[in-house]
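Examination of the molecular architecture
For reference, the chains in residue letters:
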Amino acid sequence: MFQVTTLMGDAEKVEKELIKNPPPSEADIEAAKALVKEKGEVVAQLKSAKAGKAEITASVAELNKAKENLSRLEERSKLKPGFPQKDGKIHYSQDNFARQAFLTVSGQLQVETYACAVYSVYTFGPTF
């Protein structure tokens, strides 16, 4: 039987992305957290000093940018190459079929060789 999964394309994309842009280190994430904390303290100081609205708005915008950057770094640090796994087995919940699936011995059998070479392969016809 020929196993079918839609996870392969996503796994390849993640691997290529990680080769092109390696995930951030713990030091990068800690530096981003420190920056968020620093920007938050600046906003708090400006508010307590009753600074002008323009100054506070600019500082809040900088704080939001720092938070977004931290969020992106944390998200990228969670990327792992290969198929998503749970308990040491492939986790099919993100797959198109949501479970392990195989091609049947029908018209689909003829496109097995194409499926290995081409990313998307479709067949039409009666299957039983």
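These numbers come from a predicted model, not from an experiment. (Residues numbered from 1 in each chain as written. Predicted model: local features only at pLDDT ≥ 70, side-chain atom pairs only at ≥ 80, totals over all residues. Heavy atoms only, no water.)

1. Points about the pattern of salt bridges
Two side chains of opposite charge can pair, provided their charged atoms sit close to one another. Counted under the stated rule, the structure contains 2 salt bridges. We note a salt bridge from Glu30 to Lys33, for which the minimum N-O separation is 4.0 Å. Separated by 3 residues within a single helix, Glu30 and Lys33 lie in helix 2 (residues 26–48), roughly one turn from each other. Of the charged contacts in the structure, one is a salt bridge between Glu62 and Lys39, with a shortest N-O distance of 3.0 Å. With a gap of 23 residues between them, Glu62 in helix 3 (residues 53–77) and Lys39 in helix 2 connect regions that are remote in the sequence. What makes Glu62 partly exposed here is its relative accessible area of 41%. (Salt bridge = Lys/Arg side-chain N within 4 Å of Asp/Glu carboxyl O. Helix = DSSP H or I, 4+ residues; strand = E, 2+ residues; numbered from the N terminus. Buried < 20%, exposed > 50% of the residue type's maximum accessible area, 1.4 Å probe, protein only.)

2. Considerations on helix 3
Its 25 residues give helix 3 an end-to-end C-alpha distance of 36 Å, which sits within 8% of 36 Å, the value for a rise of 1.5 Å per residue. For helix 3, the elements touching its buried residues are helix 2. (Expected span 1.5 Å × (residues − 1). Contact = heavy atoms within 4.5 Å.)

3. What about unusual backbone geometry?
Unusually for a residue other than glycine, Lys50 sits at a positive phi of about 55 degrees. Looking at where Lys50 falls in the secondary structure, it is placed in the loop between helix 2 and helix 3. For Lys50, a relative accessible area of 74% corresponds to the exposed category.

No statement about biological role is implied by the geometric values presented.
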